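# Report on the structure
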Amino acid sequence: MLLDHTRLADLSFEIGTIRPPSEGGSYSLLIRVTRNCPWNQCTFCYGRPYNHEKFEMRSLEEMKADIDNAGAIYDEIKKVSWELGYGGDINNKVGESLIKGIPGLSSSHSFINVFNWLYSGASTAFLQDADSLITPTSRLVEIIRYLKERFPSLNRVTSYARAKTIFKKKDEELKQLYEAGLSRLHIGLETGDDELLKKVKKGVTAEEHIQAGIKVKKAGMELSEYIMPGLGGRAMLEQHAKNTARVLSEINPDFIRSRPFTPLPGTPLFDEYRNGELELLSPHECLKEMKIFIEGLDVTSRVCFDHFRNPAYRTESGNLYHLFKQDYDGYKFPEEKGVVLNLIEEGLTVDEGRYLQQEDYIRLGSL
Ligand code: SF4
């Protein structure tokens, strides 16, 4: 038993339900700035990742207390490492000793988040939930400064943000956030087609998306934009692909991340699909839409397919094969645009029946 450190099991801070996969890959420290989504209306989502719960701001005191508790967990883990003779290094042996020595610790999300973050270098943090930027700028600046002062090893602090929220922020406010340490924003573009944006109630126009993206980059932050192939179904395939490429070409974000659409239970688009009002794309149609999109893209971004819903099929031997690489850095454009187009052509030669189908994705769930 690590008797002097049992308080570790009682230390906790609030953690929201989701973060982008790339932030999971880097084991970012999760700091909850707001709860849930302030919009909750997009018909493919409806706040589903946040269990449709009500949006709430968090006070500066609450957030600071969370950072203090994450810091206390950090200090205890480091102390244990020194006591075990590892000189502050965080490794598997330290983890095993902690889990074995402190009852209940293995089920503490706060401990697991801080341990994994320390284990992977303690360099990145993600501010939760869906739109942290809706927080008054002065409060957000203060909390980012507090976070960076407590953990000087942080070199990347990121957040989700709604384009509409950024569109309404002044350039000076975004600059202040960048200077405080906010270094990357993740924005759900979904589509650059105005008709489709309206249909899915995204609450933002293509032009506002463009202006918001340009403002983020002008402030000095990195920008990750998420797109949703298939969102317009068969009827809007071409306009969705072309206008999404047009809008992203104007923004030229650092990352473009593909999240193909699947209607998920509990959302209005799922009902439209079940009622036969929305015709989903077949695997080949999805690739054809991606082809139009990629051809129209004039960017220097990295285009990434880091989500399981991107095209995947069963090989002759039955193994699941992902057409595109799934890492967080994807393909560098324009240099690798040809590589992506060739992969799409290759995918179109594979029998559609071998691809994972929409019903598979619906069963697998998750946004
Ligand atoms: S997609 Fe984003 S903004 Fe839209 S309802 Fe879902 S969490 Fe909110």
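Residues numbered from 1 in each chain as written. Predicted model: local features only at pLDDT ≥ 70, side-chain atom pairs only at ≥ 80, totals over all residues. Heavy atoms only, no water.

### As for the environment of Lys175
We apply this condition: Per the convention used, a helix needs a DSSP run of H or I reaching at least four residues, while a strand needs a run of E reaching at least two, with both numbered from the N terminus.
Structurally, Lys175 is set in helix α7 (residues 171-180). Considered as a pair, Lys175 and Ala9 are 166 residues apart in the sequence and their alpha carbons are 39 Å apart.

### Some details on the environment of Ala245
Operational definition: Burial classification: accessible surface area is computed with a 1.4 Å probe over protein chains only, and a residue below 20% of its type maximum counts as buried, one above 50% as exposed, and the rest as partly exposed. Residues are treated as being in contact if the distance between any of their heavy atoms lies within 4.5 Å.
Here Ala245 lies in helix α10 (residues 237-251). Accessibility expressed as a relative area gives 1% for Ala245, which makes it buried. It is 7.3 Å that separates the C-alpha atoms of Ala245 and Gly192, two residues lying 53 residues apart in sequence. Apart from the residues lying within four places of it in its own chain, the contact partners of Ala245 are Phe293, Gly296 and Leu297.

### Some thoughts on the packing of aromatic side chains
Test applied: Here a pair means two rings of Phe, Tyr or Trp (six-membered ring of Trp) with centres within 6.5 Å. Their orientation is stacked below 30 degrees between planes, edge-to-face above 60, and tilted elsewhere. A ring has a charge above it when a Lys NZ or an Arg CZ is no more than 6 Å from the ring centre and no more than 35 degrees off the ring normal.
Per the counting criterion, the structure on display carries 12 aromatic pairs. Between Tyr74 and Trp117 the ring centres are 6.0 Å apart and the planes differ by 50°, which places this aromatic pair in the tilted class. One end of the pair, Tyr74, is in helix α2 (residues 60-83); the other, Trp117, is in helix α4 (residues 109-119), with 43 residues separating them in the sequence. Overall, Trp117 belongs to the buried group, its relative accessible area being 0%. Here Phe115 and Tyr119 contribute two aromatic rings whose centre-to-centre distance is 6.1 Å and whose plane-to-plane angle is 25°, an arrangement assigned as stacked. Of this pair, Phe115 and Tyr119 both sit in helix α4, separated by four residues, roughly a single helical turn. A residue is classified by how much of its surface remains accessible, and Phe115, at 10% relative accessible area, is buried. Note on Tyr119: relative accessible area 41%, which makes it partly exposed. In textbook terms, an aromatic cluster arises when at least three aromatic residues are bridged by ring pairs, as seen for Tyr74, Trp117 and Phe151. Note that Arg257 overlies the ring of Phe255, its terminal NZ or CZ placed 4.5 Å from the centroid. In this structure, Lys325 packs its charged tip against the face of Tyr331, placed 4.8 Å from the ring centre.

### A short note on the side chain of Thr267
Basically, it comes down to this: Here a polar contact is taken to be a pair of N or O atoms separated by no more than 3.5 Å, where protein atoms must pair a possible hydrogen donor with a possible acceptor and residues adjacent in sequence count only if both atoms sit in side chains.
Looking at the secondary structure, you find Thr267 in the loop between β8 (255-258) and α11 (268-274). Separated by 2.6 Å, the side chain of Thr267 and the backbone oxygen of Leu264 make a polar contact. If near-sequence neighbours (up to four positions away) are discounted, Thr267 is found in contact with Thr43, Phe44, Cys45, Tyr46 and Arg48.

### Some remarks on unusual backbone geometry
Residue Asp129 is reached from Gln128 by a cis peptide bond, and omega for that bond is 5°. You can see Asp129 is positioned in the loop between β4 (124-128) and α5 (137-150). Here the residue pair Phe333 and Pro334 is connected by a cis peptide bond, since its omega of 0° sits within 30 degrees of zero. Among the structural elements, Pro334 can be located in the loop between β12 (331-332) and α13 (337-348). Positive phi is not limited to glycine here, since Lys201 has a value of about 55°. As for its position among the elements, Lys201 is in the loop between α8 (194-199) and α9 (206-219).

### Focus on the pattern of salt bridges
For clarity, the cut-off: For this analysis, a salt bridge means a side-chain nitrogen from Lys or Arg found within 4 Å of a carboxyl oxygen belonging to Asp or Glu.
Following the criterion strictly, the structure yields 28 salt bridges and no others. A salt bridge links Arg184 to Glu222, with the shortest nitrogen-to-oxygen separation between them at 2.9 Å. Of this pair, Arg184 sits in strand β6 (residues 182-190) while Glu222 sits in strand β7 (residues 222-227), and the two are 38 residues apart along the sequence. For Arg259, the salt bridge is made with Asp306, and the minimal N-O distance between the two is 3.0 Å. Of this pair, Arg259 sits in the loop between β8 and α11 while Asp306 is found in the loop between β9 (302-304) and β10 (312-314), placing the two residues 47 residues apart along the sequence. Here Arg259 matches Asp306 in class, with each residue buried. Taken together, the shared-partner salt bridges connect Glu14, Arg32, Arg35, Lys54, Glu56, Arg58, Glu62, Asp66 and Asp129 into one network.

### What to know about the pairing of β4
In plain terms, the rule: At least two DSSP bridges between two strands are needed for those strands to be called paired.
Most of β4 sits out of view: five of its five residues are buried. Where burial is concerned, the two faces of β4 agree: the one with Thr124, Phe126 and Gln128 and the one with Ala125 and Leu127 are both buried. Summarising the sheet, strand β1 (residues 29-32) and β4 pair through four bridges and their orientation is parallel. Its bridge partner lying in β4, Ile31 is registered against Leu127. Note that β4 and strand β5 (residues 156-161) share four bridges and pair parallel. Following the sheet pairing, Phe126 is matched in β5 by Thr158.

### A short note on the packing of α9 against α10
Filter applied, for reference: Helix axes are fitted to C-alpha atoms over the stretch in contact, other axes to C-alpha atoms as well, and angles between N-to-C directions run from 0 to 180 degrees. For classification, angles of less than 35 degrees are called roughly parallel, those exceeding 145 degrees roughly antiparallel, those between 65 and 115 degrees roughly perpendicular, and all remaining angles oblique. Left-handed is the label given to a crossing in which the near helix is rotated counterclockwise from the far helix by less than a right angle, and right-handed is the label when the rotation is clockwise. When residues are grouped by polarity, Ala, Val, Leu, Ile, Met, Phe, Trp, Tyr, Cys and Pro land in nonpolar, Asp, Glu, Lys and Arg in charged, and all others, Gly among them, in polar.
Closest axis-to-axis distance for the α9/α10 pair is 8 Å, and the angle between their directions is 25°. What the angle tells us is that α9 and α10 run roughly parallel. In the crossing of α9 with α10, the sense of the turn from one axis to the other is right-handed. On the side of α9, the interface is formed by Ala206, His209, Ile210, Gly213, Ile214 and Lys217, while α10 contributes Arg246, Val247, Glu250 and Ile251. Tallied by class, residues from the contact of α9 with α10 come to five nonpolar, two polar and three charged.

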